Amino acid sequence: MNRYSTYGDSVVLPATAMVATPNNLSSVEAAACWMQYLTAYMLIEFAGMKAGDDVLITVAASSVGLAAIQVAKAVGARPIATTHNQNKVQPLLDAGAESVINTKEGKLVDEVMRFTKGKGANNIFDPVVGPQLAELCEAAAQDANIFAYGALSAEPSPLPLLVGIQKCLTFRTYALFIITTQPERLARARRWVLDGLTQGKLKPVIAKMFPFRQMAEAHHFMESNEQIGKIVVTVP
C-alpha cells in the first residue's frame, strides 16, 4: 500500500497482485473479494479447518467475519458468530452462521459451551483480543487454535497461561502478508478462493456502493460501523 497508490480512477499495480475475475462475478463483486477471503483462508492453511469443526468468529459482521462464515460453511464446519449490535443478529444468521451471540446480552463462554454441548470451539478467529482473550481461551475446545488477526482493543491482552496449558491451546497472530509475500502459499490461497467463488460457495457481501466522487462519504459510513460486508467505491 505504501508503494502502490490505489485511490484513483486509474492505478498501476504489479502483475503478481492481479487475479483474473471468474465469469460468474460482476466487477463490483470482484472488487470486494480478495482481502477478506485471503484473511479467512488462514483457517484452512494454518488450522486445517474441516467438516464438523466448531469455529467461533468474533466481530462477524465485518467483511472478514462474513468471509470466515462462508469459508467455514464451504468445508462443512459450524460457524458461531458474535456481535454487540442486535440489528446484526438476523443478518448474520441469514449469512450462514449457525448461532449468533449478542455479547451485550449473553455470556460468550456460556453460549459457546451451550452450542457445542460443552466441548468448546475448535478454532477461534478474532480481530479484537485485549481482555477478551481470557474468555476466548475459556470458550476453546481441547487442542484448539486461537487466531488473532487484529488488535481492535487498545487494552493489554494478558494470556491465561494455565488455561492454555490445560487445554493445549495454540495461539497465533496473523497478518495477510504471510500469504501474499510467499508465492507457494499465495498460489494455494488463490486456487482455493477461486474454486470457492466459481462454485458459488464464496460470494462477497456488499454493504453499500458509493460513486468515486463520494469517497469521503464512503469513509464516514465505514467509520459508523453500521455496515455489514464490503463498501465499494465505483468509478464511472
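Throughout what follows, the structure given in this document is the object of discussion. In this text the structure is predicted, and so the values were computed from the model without any measurement. (Residues numbered from 1 in each chain as written. Predicted model: local features only at pLDDT ≥ 70, side-chain atom pairs only at ≥ 80, totals over all residues. Heavy atoms only, no water.)

Let's talk about the overall build of the protein
Okay, so step 1: In terms of helices and strands, the protein carries eleven helices and eight strands.
Okay, so step 2: Over its C-alpha trace the protein gives a radius of gyration of 18 Å, about what one expects of a compact globule, namely 18 Å for 236 residues.
Okay, so step 3: Seen along its three principal axes, the alpha-carbon backbone of the protein occupies a region of about 55 × 40 × 35 Å.
Okay, so step 4: The proportion of buried residues among the 236 residues of the protein is 44%.
Okay, so step 5: Of the roughly 12500 Å² of accessible surface on the protein, 55% is carried by carbon and sulfur atoms.
Okay, so step 6: Charge-centre separation for the protein: the mean point of 21 positive side chains lies 5 Å from the mean point of 20 negative side chains. (Helix = DSSP H or I, 4+ residues; strand = E, 2+ residues; numbered from the N terminus. Rg over C-alpha atoms; globule rule 2.2 N^0.38 Å. Buried < 20%, exposed > 50% of the residue type's maximum accessible area, 1.4 Å probe, protein only. Areas by Shrake-Rupley, 256 points an atom, 1.4 Å probe, with all protein chains shown as cover. Lys, Arg positive; Asp, Glu negative; His and termini not counted. Charge placed at Lys NZ, Arg CZ, Asp CG, Glu CD.)

Quick notes on the nonpolar core
Here is a general trend for soluble globular proteins: nonpolar side chains tend to be buried in one another's company.
Okay, so step 1: With 39 residues, the main nonpolar core has Tyr37, Met49, Ile69, Leu92, Phe125 and Ile179 as its most contacted residues.
Okay, so step 2: Mapped by element, the contributors of at least two residues to this core are helix 2 (34-40), helix 3 (42-45), strand 1 (54-57), helix 4 (63-74), helix 5 (89-94) and helix 10 (183-199).
Okay, so step 3: Considering every element that reaches this core, the biggest residue donor is helix 4, with seven residues.
Okay, so step 4: Not counting the four nearest positions on each side in its chain, isoleucine 69 is found in contact with Ile57, Ala60, Pro79, Ala81, Leu92, Ala95, Gly96 and Ala97.
Okay, so step 5: By size, the runner-up hydrophobic cluster in this structure holds 21 residues, among which are Val109, Leu133, Ala144 and Ala148. (Core = buried A, V, L, I, M, F, W, Y, C linked by side-chain atoms within 4.5 Å. Contact = heavy atoms within 4.5 Å.)

Quick notes on unusual backbone geometry
Okay, so step 1: Of note, the phi angle at cysteine 168 is positive, near 55°, even though the residue is not glycine.
Okay, so step 2: With respect to the helices, strands and loops of the structure, cysteine 168 is situated in the loop between helix 8 (161-167) and strand 6 (170-173).
Okay, so step 3: Judged by its relative accessible area of 45%, cysteine 168 is partly exposed.
Okay, so step 4: If you check the backbone angles, asparagine 225 has positive phi at about 65° while not being a glycine.
Okay, so step 5: With respect to the helices and strands, the residue asparagine 225 is situated in the loop between helix 11 (215-224) and strand 8 (230-234).

Structural notes on the environment of proline 79
Okay, so step 1: Structurally, proline 79 can be placed in strand 2 (residues 78-83).
Okay, so step 2: Along the backbone, proline 79 and leucine 93 are 14 residues apart, and their C-alpha atoms lie at a distance of 9.9 Å.
Okay, so step 3: What proline 79 contacts, discounting residues up to four positions off in sequence, is Val55, Ile57, Ile69, Ala72, Lys73, Gly96, Ala97, Glu98 and Ser99.

Regarding a nonpolar patch on the surface
Okay, so step 1: Taken together, the side chains of Leu159, Leu161, Ile165 and Phe171 define a hydrophobic patch exposed on the protein surface, amounting to about 400 Å² of accessible area.
Okay, so step 2: In this fold, leucine 159 is placed in the loop between strand 5 (140-148) and helix 8. (Patch = residues over 30% accessible without salt bridge, like charges linked within 9 Å, V, L, I, M, F, W, Y side chains within 5 Å. Salt bridge = Lys/Arg side-chain N within 4 Å of Asp/Glu carboxyl O.)

Notes on the packing of aromatic side chains
Okay, so step 1: One pass over the structure, following the stated rule, counts four aromatic pairs.
Okay, so step 2: The interplanar angle of 25° and the centroid separation of 4.4 Å between the aromatic rings of phenylalanine 125 and tyrosine 149 together place this pair among those described as stacked. Taken together, the positions of phenylalanine 125 in strand 4 (residues 121-126) and tyrosine 149 in the loop between strand 5 and helix 8 put the pair 24 residues apart, joining distant regions of the chain. Across the pair, exposure class does not vary: phenylalanine 125 and tyrosine 149 are buried alike. (Phe/Tyr/Trp six-rings, centres within 6.5 Å; stacked < 30°, edge-to-face > 60°.)

Some words on the sheet that holds strand 1
Okay, so step 1: As summarised here, the arrangement of the six strands in space is 3-2-1-4-5-6, forming an open sheet in which the pairing is parallel. The open sheet has two edge strands with one neighbour each: strand 3 (99-102) and strand 6. Each strand of the sheet is rotated relative to its neighbour by a mean of 15°, with strand direction disregarded.
Okay, so step 2: Two elements, strand 5 and strand 6, share four bridges in a ladder whose sense is parallel. (Pairing = 2+ DSSP bridges. Axes fitted to C-alpha atoms, helices over the stretch in contact; angles between N-to-C directions.)

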